[in-house]
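Listed here are the chains, written in short residue letters.
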Amino acid sequence: MFRTKRSVLVRRLWRSRAPGGEEEEEAAAGEPGAAAAVAEPRAHLGGGRGCCPGKAGRGGRAAGAEAELKALTHAVLKRLKERQLEGLLHAVESRGGARTPCLLLPAKADSRLGQHWYPLPVLLCKVFRWPDLRHCSEVKRLCCCESYGKAHSELVCCNPHHLSRLCELESPPPPYSRYPMDFLKPTDCPDSVPSSTETGGTNFLAPGGLSDSQVLQEPGDRSHWCVVAYWEEKTRVGRLYSVQEPSLDIFYDLPQGNGFCLGQLNSDNKSQLVQKVRSKIGYGIQLTKEVDGVWVYNRSSYPIFIKSATLDNPDSRTLLVHKVFPGFSIKAFDYEKAYTLQRPNDHEFTQQPWTGFTVQISFVKGWGQCYTRQFISSCPCWLEVIFNNR
């Protein structure tokens, strides 16, 4: 029997679905507490497979939920044009690493799965990315999407890799650990993290031919909204990267990457741990300046760790280090909060370099009280993002 190209694409898409969906639907059909018990650990694992073999009665219910999900998914996919199926398959198989077009479908088309109705974007995200996803409020559109910022539209993008999982401070993933509010320390304090302006006697050139000090200190310069420094332990690798575009990809290896490629930087670090972590950065992160602040999207396959002055209570004397799992986004910096924290009338603050406009991000390995690495300068691979406050 000959298969059409459309049927082949639908079969390939179904084989590329996210693992573990049957446990989620079984939980949804049962007690409310069961769904939470399944969803919470899965969120901490970044969408990994759940596994509880051998329990009586599980097989039949799971098989029924799987069959229902398969029938619904096939019904949705068969309504798509061949070109749309090819774009969706490219997005799913590349895990979001390739630039793929929006999948625009009717905004009012919902699908029923079990006792729940799901908008099409949520349904496809459940099938291909996060089986525990429940509501559209749990996801955030990426700026590359045509539906970004559009609240009411007849068509909505359903490409699952044009959305990210929303990481809110009140919900998992939780704060990883508390970290002393070291940005209040003088810059000559031995416990302070090395500053981006310390070049070890070498005048590195930033993009555009500017020196590090010019990029950071040029008065009234609005050409960039932030600069990024890449560090391996206590050594900065390469030059400062000045960012003018609203969105920046920072990655080690990205199939169609355009941005700050860490893999092209020459590093003299021979540490096996550094080399291992470098190889795990993969698709890295996406840094985006939006209306409400700066967002970080974890595109890699491993967690990242973030410390920012605006992610904590302004009255707190400690900062939180947040663990952000793959596929999650977090608002890493809030300009309004940062200006509030700056306290411009405080003589001590005006005499010291203010680092409240800095966010620190480590790849794979965290730091803080739960680690032997107390400071980020002990992490194998990390970033320092310095925002232009003018």
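In what follows, the accompanying structure is described. This structure is a prediction, so every number in the text was calculated from the model and none was measured.

How each quantity is defined
- Residues numbered from 1 in each chain as written.
- Predicted model: local features only at pLDDT ≥ 70, side-chain atom pairs only at ≥ 80, totals over all residues.
- Heavy atoms only, no water.
- Helix = DSSP H or I, 4+ residues; strand = E, 2+ residues; numbered from the N terminus.
- Contact = heavy atoms within 4.5 Å.
- Salt bridge = Lys/Arg side-chain N within 4 Å of Asp/Glu carboxyl O.
- Expected span 1.5 Å × (residues − 1).
- Buried < 20%, exposed > 50% of the residue type's maximum accessible area, 1.4 Å probe, protein only.
- Phe/Tyr/Trp six-rings, centres within 6.5 Å; stacked < 30°, edge-to-face > 60°.
- Lys NZ or Arg CZ within 6 Å of the ring centre and 35° of its normal.

Next up on the list: the environment of Val122. Mapped onto the elements, Val122 comes out in helix 6 (residues 120-128). A sequence separation of 11 residues divides Val122 from Ser111, and the C-alpha atoms of the two residues are 9.7 Å apart. In this view, Val122 contacts Leu133, Arg134, His135 and Cys136; residues no more than four positions away in its chain are not counted.

The tally for this structure, following the rule as stated, stands at 10 salt bridges. Between Lys5 and Glu82 there is a salt bridge, with the nearest N and O atoms lying 3.5 Å from each other. Linking Lys5 in helix 1 (residues 5-15) with Glu82 in helix 5 (residues 82-93), this pair joins segments that are 77 residues apart in sequence. Between Glu93 and Arg12 there is a salt bridge, with the nearest N and O atoms lying 2.9 Å from each other. Placement of the pair is Glu93 in helix 5 and Arg12 in helix 1, with a sequence separation of 81 residues. Through salt bridges that share partners, Lys5, Glu82 and Glu86 make up one connected network.

The terminal C-alpha atoms of helix 5, which comprises 12 residues, lie 16 Å apart, in line with the 16 Å expected from a rise of 1.5 Å per residue. For helix 5, the set of buried residues is Gln84, Leu85, Gly87, Leu88, Leu89, Ala91 and Val92.

Bringing the packing of aromatic side chains into the picture now. Inspection of the entire model under this criterion finds 8 aromatic pairs. Centre to centre, the rings of Trp225 and Phe387 are 6.2 Å apart; their planes meet at 20°, and the pair counts as stacked. Pair noted here: Trp225 is in the loop between helix 7 (212-217) and strand 10 (226-232) and Phe387 is in strand 20 (residues 382-387), with a separation of 162 residues, a long-range link. Judged on exposure class, the residue Trp225 and its partner Phe387 are both buried. Between Phe333 and Phe387, the aromatic rings sit 4.1 Å apart at their centres with planes inclined by 15°, giving stacked as the arrangement. A residue pair is termed long-range when its members are at least 10 positions apart, and Phe333 in strand 18 (residues 328-333) and Phe387 in strand 20 qualify at 54 residues. Taken together, the aromatic side chains of Trp225, Phe333, Tyr335, Tyr339, Phe357 and Phe387 make up a single cluster linked through ring pairs. Across from the ring centre of Trp295, 4.7 Å away, lies the NZ or CZ of Lys140, which sits over that ring. The ring of Tyr371 has Arg373 lying over it, and the distance from NZ or CZ to the ring centre is 4.3 Å.

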